[in-house]
Amino acid sequence: MKKHFFKILLISFSLVLTSLSSSFAEDPKRGGTLIAAVGNTPRHLNPAVQSGIVTGFPGAQLFATPIRYDNNWDPQPYLAESWEISDGGKTVKLNLVKDAVFHDGVPIKSSDVKFSLETIQKNHPFKTMFAPVISVETPDEHTAILKLSSPHPALMLAMSSQLMSIIPEHVYGDGQDPKKHPQNSVNVVGSGPFKLVEFKSGEHIILERFDDFFIDGRPYLDKMVLKIIKDPATRTIGLENGEIDFYAFENVATNIVRLKKNPNLNVTPKGYAAIGPIDWLAFNTKDGKTADVNVRRAIAYAIDRNFILKAIMLGVADEARTGIHPGSPYYEPNVETYDLNIDKANKILDDAGYAKGSDGMRFGLTVDFGWPGLKPNAEYTKAALKKIGIDVTVRPSADFPTWAKTVSNHNFDLTWDTVFNWGDPVIGVHRTYQSSNIKKGVIWSNTQQYSNPKVDAILEKAGVENDMGKRKALYSEFQKMIANDLPVYWTNTLPYHTIYSNKVGNPPMGIWATSSPMDMTYIKQ
Amino acid sequence: MTLLYSFIRRIFSMALVLLVVVILNFLMLHLAPGDIADTIAQTMGGADEQDMAQLRKEYGLDQPFFIQLFKYILRIAVLDFGHSHFYNLPVYDLIMERFPATLLLVFSAQILSLFVGISLGVFAAQNPNGLSSLFVNMFSLFGYAAPVFWTGLLLLIAFSLHIPIFPVSGMRDITIENGNFFTHFFDVLRHLFLPMITLASIFFAYYSRLCRASMLEVLGADYVRTAKAKGLPKREVLYKHALKNSLSPVITFAGLSFSAVVSGAILVETVYAWPGLGTLAFNSIISRDTPVLLGILIFSTLMVTVGNLLTDLVLRYIDPRIKI
């Protein structure tokens, strides 16, 4: 009896010790250098005047925003320790952290928030983010009150990630054009957890801990080195041999599949829901044969989403059925999905009067693609549409500006593209479907020339609806309408994955991935 | 006096070549569809119509072609290379930041390929129909036939992944903070090794085959037979008499191929993330960053013309009968 008792006691004690030691192993450790790879050189490091994920990664480390988001799309305090929304959503009061300072030691004040927002309004490409903000009041140094012309539910997301970086007025308010300010790339004075040590274009960006960061004890890392490595194969080898600890935004399916097998690496698709990238086939809805909705529907029935997901994306991407990313709280999956049906596609075209000629073909179309990763999709389109009598010519473009010129000037029938949601539909979704955004020469406007007054009205309404339930219902209706009209045929999410070595703890897996501060990331020692 | 005159004439012809390079490439860049405004819109995930019009106005892209070209030539004449439209940094600073890296890679690759190529050529010439010649042929043709991109990746997989002796990318280890000159020297050498081999491998075939053919011709000459008949050691006949006289075509070709080495460096720099002008040039083409690309072309042209001049000087040293 005694023997059994001591055995049980010993086992219990061991279990307690094991759980304690594992919980200690999970505790963040201060110190260490994270070596990350990035695929491109940013133009500069100031996200207040430059969008895009390339600037977003270093920019989110250098600059703080009023709010940050967790994995559940819930806003969390950051530079604003609290906030109040009143007056039906037309007044937003931000209460700033009291002891926050910029990297040069100057305190962060509400006047900097006002200055930053006004700079973003004038210079940032996403004009819809803060369009309804008419003024920012600063009754004291730690209070900023945003006054809006109408409710703007997108505002909270717009105040997070890289979208509302708080920049110092005492640096950028010197009269120089903030888009070309010399301190966008050198001697950057930020408000974030890391400060700039060195930015060598084409080579690396070196960041080190800002010791006076307003969150005590953070960031955990001593340094972050962002090595600029353009070639995907070189990056993959670097991850495999341990030279690189971390890489975000990996989207090459073969690399993802290969790296998943490596026991020293973790590969996760988590963290990109707000970035919201979707691959799609866009139609010219005004000119040529694709102006006919019957042609668009027939094409959709002939293109097999499952083939793209399995054979091209190798199972690493998710299905996308509408223009809103599946990770968004506004996603509506119950829409017409146009599951593969060649017979139906042929019947639609026959009934629409597009008879087959003696060669079995009805008419010809061209297909373009925006970046090399979509070439397999374009080639698959040719093979798929041959089965319904459409002769497709794949039109490769020499580079992005060539393709952008073609598509933005509406000189296309079909084009494959990848477009981001950027968090709230107002920021990254409306631009594709609103008829007021048909702008010749501007890429990622409504290049499909799609126009439906009912869709315009619903988007207008959804853009100002503060009630989440009602807003979801409006966007649900919107997604059903565009799935019916089919200005675009959505196939899959772009399979962004984060790859990090086993020694990296707590990598950013919130909704904004590395376009969010990495103050909680650490090196396991 | 004659030498001085030749020198001055060479400088003038270099200036003329530079002017033609600038005009032709300015024209080609403007003929390509799309411009810097499209690229900036891409990096930003979209842009407003007014933003793009404003960008085009800021960079003078709304002006007629000949006015843009004229203004650019006037600036170059006073050594003002302008600002990068993409990075908004002085072009001169961007180039100077990367020029030493490309220079190091290109010159070390060229010297290595010459050394290895000549050695292989001499080795093959001693037994032209034997196995050694066949081996040299196969080895050097492999480097010539294989795409440089592929060779680079193979070397990375072999020597950075499976046998991890060399680093994957970059020119130096940024984490080395406190090191003396030799620490940094060997660090750069370690990073340089694979890119240098990759770039040099393209030219092993050229130099080895050229040297072999030239050596065979010289080894059949009367003065070499005389040297052998006099009982001179084989080594002395081979290196002091035959090789010295067979180097002219090899050195000439080295000068002519310098531009090809610079072009090859673009791909090698991309594979190894070597922070040189090659990747900057590639990005400038894609982003339509005209000032940067033209600046790089001017520097490359200068490198090639100076390289040719050095080649001629070396030839004159080897054979004083040659005039430059």
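Residues numbered from 1 in each chain as written. Chains lettered and ligands numbered in written order. Predicted model: local features only at pLDDT ≥ 70, side-chain atom pairs only at ≥ 80, totals over all residues.

1. Looking at the overall build of chain B
We apply this condition: To qualify as a helix, a DSSP run of H or I must reach at least 4 residues; to qualify as a strand, a run of E must reach at least 2; elements of each kind are numbered from the N terminus. Counting other C-beta atoms within 10 Å of a residue's C-beta gives its exposure: the residue is buried at 20 or more, exposed at 12 or fewer, and partly exposed in between, where C-beta atoms are placed from the backbone. Whether two residues are in contact depends on their C-beta atoms, placed from the backbone: they are in contact if these lie within 7 Å.
Secondary structure assignment for chain B yields 13 helices and zero strands. Overall, chain B shows an N-to-C arrangement of helices and strands of α-α-α-α-α-α-α-α-α-α-α-α-α. Each principal axis of the C-alpha atoms in chain B carries an extent, and together these give about 85 × 55 × 40 Å. Buried residues in chain B amount to 40% of all 324 residues. For chain B, the proportion of contacts with a sequence separation of at least 24, taken over those separated by at least 6, is 73%.

2. Side note on the confidence of the model for chain A
Stated precisely, the cut-off is as follows: The pLDDT value expresses, per residue, how confident the predictor is, ranging between 0 and 100.
On average, chain A scores 93 in pLDDT, and the residues at 70 or more come to 95%. Confidence drops under pLDDT 50 across residues 11-25 of chain A; counting only partners more than four residues distant or on other chains, this segment forms zero contacts.

3. Quick look at the sheet that holds strand E10 (residues 223-228) of chain A
Working definition: the strands of a sheet are paired by backbone hydrogen bonds and lie parallel or antiparallel to each other. Residues and elements named next belong to chain A. Under the convention used in this document: Pairing between two strands is assigned when DSSP locates at least 2 bridges connecting them. To obtain each axis, a line is fitted to C-alpha atoms, and for helices this fit is confined to the stretch in contact; angles are then taken between N-to-C directions over 0 to 180 degrees.
Taken in spatial order, the seven strands make up an open sheet running E8-E9-E10-E1-E11-E18-E12, and their pairing is mixed. The open sheet has two free edges, formed respectively by strand E8 (194-200) and strand E12 (265-268), since each of these has just one partner strand. Going across the sheet, the axis of each strand differs from the next one's by a mean of 20 degrees, ignoring polarity. With six bridges joining them, E8 and strand E9 (residues 204-209) adopt antiparallel strand pairing. Paired with Lys-200 across the two strands is His-204, which belongs to E9. In the packing of helix H7 (residues 253-260) onto the sheet, the strands contacted are strand E11 (246-250), E12 and strand E18 (497-501), and the crossing angle to E12 comes to about 135 degrees.

4. What to know about the nonpolar core
So the rule is basically this: By our criterion, buried Ala, Val, Leu, Ile, Met, Phe, Trp, Tyr and Cys residues that link up through C-beta atoms within 7 Å make up a nonpolar core.
Residues A:Ala36 and A:Ala158 are the most contacted members of the largest nonpolar core, which totals 229 residues. Leave out the neighbours within four places in its chain, and A:Ala158 touches A:Met129, A:Phe130, A:Leu163, A:Met164, A:Asp424 and A:Ile427.

5. What about the environment of A:Thr65?
Residues and elements named next belong to chain A. Mapped onto the secondary structure, Thr-65 falls in the loop between helix H2 (53-62) and strand E2 (67-69). As a C-alpha pair, Thr-65 and Val-394 span 329 residues in sequence and 43 Å in three-dimensional space. In this structure, Thr-65 is in contact with Tyr-78, Leu-79, Met-159, Ser-160, Ser-161, Met-164, Ser-165 and Ile-166, ignoring residues within four places of it in sequence.

6. Some details on helix H11 (residues 375-386) of chain A
All names here are of chain A. Condition: For a helix, the expected span equals 1.5 Å multiplied by the residue count minus one. Here, the arc refers to the directions that run from the helix axis to the C-beta atoms.
End to end, H11 covers 17 Å across twelve residues, agreeing with the expected 16 Å (1.5 Å per residue, within 8%). Regarding H11, the residues found buried are Asn-377, Ala-378, Tyr-380, Thr-381, Ala-384 and Leu-385. In a view along the axis of H11, the buried residues occupy a sector of 160 degrees, so they form one face of it. As for H11, its buried residues are in contact with strand E13 (277-283), helix H8 (293-302), helix H9 (305-312), strand E14 (363-369), strand E15 (390-395) and strand E16 (414-420).

7. Some remarks on the sheet that holds E15(A)
Residues and elements named next belong to chain A. Spatially, E15-E14-E16-E13-E17 is the arrangement adopted by the five strands of the open sheet, whose pairing is mixed. One side of each edge strand has no neighbouring strand; the edge strands of this open sheet are E15 and strand E17 (488-493). On average, each strand axis in the sheet is tilted by 30 degrees relative to the strand beside it, whichever way the strands run. In terms of strand pairing, E13 meets E16 through seven bridges, oriented antiparallel. Opposite Asp-279, over in E16, you have Thr-418 as the bridge partner. Against the sheet, H11 contacts E13, E14, E15 and E16, and its axis sits at roughly 160 degrees relative to E15.

8. A few points about the confidence of the model for chain B
On average, residues of chain B score 84 in pLDDT, and 97% of them reach the 70 mark or higher. If you check the scores for this complex, the pTM reads 0.87 and the ipTM reads 0.82.

9. Quick word on the environment of A:Leu148
Residue and element names in this part refer to chain A. By the secondary structure assignment, Leu-148 is in strand E7 (residues 143-148). Residue classification places Leu-148 among the buried residues on the basis of 20 C-beta atoms within 10 Å. For the pair Leu-148 and Thr-91, spaced 57 residues apart in sequence, the C-alpha separation works out to 6.2 Å. The contacts of Leu-148, once residues within four sequence positions are left out, are Lys-90, Pro-132, Val-133 and Ile-134.

10. Digging into the interface of chain B and chain A
A common way to express how large an interface is: the accessible area buried when the components associate. Short version of the rule: Residue classes follow a fixed rule: Ala, Val, Leu, Ile, Met, Phe, Trp, Tyr, Cys and Pro count as nonpolar, while Asp, Glu, Lys and Arg count as charged, and any other residue, Gly among them, counts as polar.
With 44 residues of chain B in contact, the opposing surface of chain A contributes 44 residues. Where the side of chain B that touches chain A is concerned, the elements lending two or more residues are helix H2 (36-44), helix H3 (49-58), helix H5 (91-126), helix H7 (148-162), helix H11 (258-272) and helix H12 (277-287) of chain B. Residue contributions to the side of chain B that touches chain A peak at six residues, all from H2(B). Residues of the side of chain B that touches chain A, tallied by class, amount to 23 nonpolar, 13 polar and eight charged.

11. Description of helix H3 (residues 110-123) of chain A
Given a rise of 1.5 Å per residue, 14 residues ought to cover 20 Å, and the 20 Å separating the end C-alpha atoms of H3(A) matches this to within 8%. Restricting attention to buried positions, one finds in H3(A) the residues A:Ser110, A:Asp112, A:Val113, A:Phe115, A:Ser116, A:Leu117, A:Thr119 and A:Ile120.

12. Structural notes on the packing of H12(B) against helix H13 (residues 290-318) of chain B
All names here are of chain B. Cut-off, in case you're wondering: Roughly parallel covers angles under 35 degrees, roughly antiparallel covers those over 145, roughly perpendicular covers 65 to 115, and oblique covers all other angles. By definition, any crossing whose near helix is turned counterclockwise from its far helix by less than a right angle is left-handed, and any crossing with a clockwise turn is right-handed.
Running from amino to carboxyl end, H12 crosses H13 at an angle of 140 degrees, the nearest separation of the two axes being 9 Å. Taken together, H12 and H13 sit at an angle that is classed as oblique. For H12 against H13, the interelement crossing comes out left-handed. Facing H12, whose interface residues are Leu-277, Leu-280, Ala-281, Ser-284 and Ile-285, H13 presents Val-292, Leu-293, Ile-296 and Phe-299.

13. Let's talk about the packing of H8(A) against helix H10 (residues 342-351) of chain A
Residue and element names in this part refer to chain A. At a minimum axis distance of 8 Å, the contact between H8 and H10 shows a crossing angle of 165 degrees. Accordingly, the angle class assigned to the pair H8 and H10 is roughly antiparallel. Here the hand of the crossing between H8 and H10 comes out left-handed. Residue-level contacts link Asn-294, Arg-297, Ala-298, Tyr-301 and Ala-302 of H8 to Ile-342, Lys-344, Ala-345, Ile-348 and Leu-349 of H10.

14. Quick notes on the pairing of E15(A)
Residues and elements named next belong to chain A. Selection criterion: Convention used here: a crossover is right-handed provided that the path from the first strand, over the helix, to the second strand proceeds clockwise when the strands point away from the viewer.
Bridge count for E14 against E15 is six bridges, and the pairing is parallel. Bridging from a neighbouring strand, Gly-364 pairs with Asp-391 of E15. For the handedness criterion, the β-α-β arrangement of E14, H11 and E15 is classed as right-handed.

15. Some thoughts on unusual backbone geometry
Note the cis peptide between A:Arg218 and A:Pro219, where omega equals 0 degrees. As for its placement among the helices and strands, A:Pro219 is situated in the loop between E9 and E10. Positioned with a positive phi, A:Asp87 is a non-glycine residue whose angle comes to about 60 degrees. With respect to the element layout, A:Asp87 can be found in the loop between strand E4 (80-86) and strand E5 (91-96). Positive phi outside glycine occurs at B:Ala273, with the angle close to 50 degrees. The topology assignment puts B:Ala273 in the loop between H11 and H12.

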